[in-house]
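# Breakdown of the fold
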Amino acid sequence: MEQQRDQWATKIGLILAMAGNAVGLGNFVRFPTQVAQHGGGAFMVPYFLALFLLGIPIMWVEWVAGRYGGKYGHGTLGPSYYLMARESLKPRSALIMGIISGMVAFAGVTLLNSYYLHLIGWSAAYTWFSITGAYYGKNTGQFFSNYLSNHAEVFLFWGITIVTIAIAVGRGVSKGIEKWVKVMMPLLYIFAIIMVGYVFVLGSPINPNWSTLDGFAFIWTPNWAYLKAHFSSVMLAAAGQIFFTLSLGMGIIQNYASYLGPNDDVALSGIATVSLNEFAEVILGGSLAIPLATAYAPKIVPPDVLAQGKNAALAWIGQKFGLGFAYTSLPNVFVSMGQVGRFFGALWFLLLWFAGWTSAIAMYNYLVALFEEDLNIKRSVGTWLVLLIYFILGLPVIYIGLDKYVTPLDNWISFQLTLLALLDIIVAVYLFKPSNFWEELHKGAYIRVPTVYKWITLIVAPIFLLIPLVGTFKGFVSGGIPPTVGAVIIIMFIIGAIETYFAIKRKYGEEIAKNEVLIKL
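Scoring rules and cut-offs
- Residues numbered from 1 in each chain as written.
- Predicted model: local features only at pLDDT ≥ 70, side-chain atom pairs only at ≥ 80, totals over all residues.
- Heavy atoms only, no water.
- Helix = DSSP H or I, 4+ residues; strand = E, 2+ residues; numbered from the N terminus.
- Rg over C-alpha atoms; globule rule 2.2 N^0.38 Å.
- Buried < 20%, exposed > 50% of the residue type's maximum accessible area, 1.4 Å probe, protein only.
- Contact = heavy atoms within 4.5 Å.
- Patch = residues over 30% accessible without salt bridge, like charges linked within 9 Å, V, L, I, M, F, W, Y side chains within 5 Å.
- Areas by Shrake-Rupley, 256 points an atom, 1.4 Å probe, with all protein chains shown as cover.
- Salt bridge = Lys/Arg side-chain N within 4 Å of Asp/Glu carboxyl O.
- pLDDT = per-residue confidence, 0-100.
- Axes fitted to C-alpha atoms, helices over the stretch in contact; angles between N-to-C directions.
- Parallel < 35°, antiparallel > 145°, perpendicular 65-115°, else oblique.
- Left-handed = near helix turned anticlockwise from the far one by under 90°.
- Nonpolar A, V, L, I, M, F, W, Y, C, P; charged D, E, K, R; others polar.
- 1 Å grid on protein atoms, 1.4 Å probe; cavity = no way out; pocket = protein on both sides within 12 Å on 5 of 7 lines; lining within 4 Å.
- Points joined across faces, edges and corners; volume = space filled by probe spheres on them.
- Phe/Tyr/Trp six-rings, centres within 6.5 Å; stacked < 30°, edge-to-face > 60°.
- Lys NZ or Arg CZ within 6 Å of the ring centre and 35° of its normal.

## Some words on the overall build of the protein
Secondary structure assignment for the protein yields 24 helices and zero strands. Relative to its length of 521 residues, the protein is compact, with a C-alpha radius of gyration of 22 Å against a globular reference of 24 Å. Projected onto its principal axes, the C-alpha coordinates of the protein cover approximately 70 × 55 × 50 Å. Buried residues in the protein amount to 60% of all 521 residues. Sequence separation of 24 or more characterises 84% of the internal contacts of the protein that already satisfy a separation of 6 or more.

## Here we look at a nonpolar patch on the surface
Nonpolar side chains collect at one region of the surface, where Phe 231, Tyr 430, Trp 455, Ile 459, Val 460, Ile 463 and Ile 467 lie side by side and expose about 650 Å² of accessible area between them. With five residues, helix H23 (residues 452-480) is the single largest residue contributor to the nonpolar patch. Within the element layout of this structure, Phe 231 appears in helix H11 (residues 231-245).

## Quick look at the confidence of the model for the protein
In the predicted model, the protein carries a mean pLDDT of 86, and the fraction of residues at 70 or more is 92%. Within the model, the stretch residues 1-6 combines pLDDT values under 50 with zero contacts to residues more than four positions away or in other chains.

## Here we look at the packing of helix H5 (residues 91-132) against helix H7 (residues 151-171)
With their axes 8 Å apart at the nearest point, H5 and H7 run at an angle of 115° to one another. Relative to H7, the element H5 lies roughly perpendicular. Where H5 crosses over H7, the handedness of that crossing is right-handed. In contact with Leu 117, His 118, Ile 120, Gly 121, Ala 124, Ala 125, Trp 128 and Phe 129 of H5, H7 contributes Glu 153, Val 154, Phe 157, Trp 158, Thr 161, Ile 162 and Ile 165. Classifying every residue of the contact of H5 with H7 gives eleven nonpolar, three polar and one charged.

## Thoughts on empty space enclosed by the protein
All chains considered together, the criterion is met by four cavities of 30 Å³ or more. Roughly 50 Å³ of internal volume is contained in the second largest cavity. Lining the second largest cavity are Thr 33, Gln 34, Gln 37, Gly 322, Leu 323, Val 406, Thr 407, Asp 410 and Asn 411. At the level of elements, helix H2 (25-37) and helix H21 (402-431) are the ones that each hand at least two residues to the lining of the second largest cavity. Per-element tally for the lining of the second largest cavity: the top contributor is H21, with four residues. Classifying every residue of the lining of the second largest cavity gives two nonpolar, six polar and one charged.

## Comments concerning the packing of aromatic side chains
A full pass over the atoms with the stated rule returns 42 aromatic pairs. Between Phe 31 and Tyr 47, the aromatic rings sit 5.3 Å apart at their centres with planes inclined by 55°, giving tilted as the arrangement. In this pair, Phe 31 is assigned in helix H2 and Tyr 47 in helix H3 (residues 41-71), connecting sequence segments 16 residues apart. For Phe 31, a relative accessible area of 1% gives the class buried. A cation sits over an aromatic face here: Arg 30 above Phe 244, 4.5 Å from the ring centre.

## Looking at the environment of Phe 31
Distance from Phe 31 to Ile 242, taken between C-alpha atoms, is 9.2 Å for residues 211 residues apart in sequence. The contact partners of Phe 31, leaving out residues within four places of it in the chain, are Gly 26, Phe 43, Met 44, Tyr 47, Gln 241, Glu 281, Val 282, Gly 285 and Gly 286.

## Structural notes on the environment of Pro 331
Relative to the helices and strands, Pro 331 is located in helix H18 (residues 325-335). By relative accessible area, which is 1% here, Pro 331 ends up buried. For the pair Pro 331 and Thr 164, spaced 167 residues apart in sequence, the C-alpha separation works out to 25 Å.

## Describing the pattern of salt bridges
For the structure shown, the criterion picks out eight salt bridges. Its salt-bridge partner being Arg 30, residue Asp 410 comes within 3.0 Å of it at the nearest N-O pair. Here the residue Asp 410 occupies a position in helix H21, and Arg 30 occupies one in helix H2, the gap between them amounting to 380 residues. With respect to burial, Asp 410 and Arg 30 carry one shared label: buried. Between Lys 514 and Glu 510 there is a salt bridge, and its shortest N-O distance comes to 3.2 Å. Of this pair, Lys 514 and Glu 510 both sit in helix H24 (residues 483-514), four residues apart, which is roughly one turn of the helix. Taking relative accessible area as the criterion, Lys 514 reaches 48% and is therefore assigned partly exposed. Assessed through its relative accessible area of 52%, Glu 510 is described here as exposed. Several salt bridges converge on common partners, so that one network encompasses Arg 67, Glu 440 and Lys 443.

Spelled out as structure tokens, the structure:
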């Protein structure tokens, strides 16, 4: 009985750690931005389809892949997917699949963090702005724009964020961080629930025709006309958001799962992680920024855009401020509280900073693992190499800006996460063999996954992934990516391919040379 309690305590700890990784700025910052930019209710239809037809099955695929790679001592994607591809391919062909998978994962994590770390820095800045009341009495949209124009200030809060993350990863203080997660994550949930209640009754603080309830209606009223007119882009955005918020398509889940034993449950752990995250995103994240942006739009949006209606106003805020959408709306709720709002604003943005910080640690740790496990580079050296990469990649965010750099790069990330999700299915299901995957999924499982999900994973999910990938690829090729962004993407792909090649060759060089499997557990 005591042993069983210990097992459940370990399982709950792992789930909370994964929640600390998954629940972050994707829920409270990126999600409302995507909703505003893609037609509100038009976005929610493919979003829920993507959740049930992509998010849940691919979460299971990545947990299985991570646990399988961990059996061979691998916590990174390239070597793990090389091993899984060997079930159907000769080692030299499997090497190609491993390189492609590892390359896409490396590029995805580095590119995503080039701006995600800045978002965390924005939360640190707004913690300070709340304490000082800096945005009180200001147009919150203009205040945010002025902040981004102050490069020294942006650099300061971004620098504090990346350096503290580097120190935490370098010192290996993950266990201490997990203890904080168990306190801070529930506190974030509780505070967010209180804020949602406050927003719900806030009503129309500026104009009787613009209320928070209109924001809720924008989210939950299906917009079929918009969805029909922008089908591929909205589907890609929805799929990309699911992968972003669940940390799928990056190699992060595989890295976590690699620490599991061969019979540790992955089925229940996967679905629990999804559930905790989606509650934070849809119920809490969606109920804050969008309703507040609607109610305070008369203060932020130009009169000519206001005259076009609420959908146009929210779309304007989403396009104008991009991932800064939440930072232009959330401060208004604290201003409405008066001076006490300074305390609550500081607490909220501090919790948001911590949530983003813990998520970034998981991604940072994945890159350090690439150097440490794959290339035999000391952890301390790898930590500072990653910091150097982040520093270089983060500079364009400051000096090129949202419109010309961050927004197109974020659009590309949606595409790339979706691409790696497709590779997940190709390698970790089809090449690994569906029967092997289904057997691995249920090893040590506390639940039995419905058989329908086997066919969703095999047939429905790949089709659902291919539709937006094919539909949007032409747009990227025909100039949808600025040259600077394109150059950075290509460089990260090249570095990722080289790193993955040497990582696989280092341990499996002999069997690749002989083109026959020599290492098998």
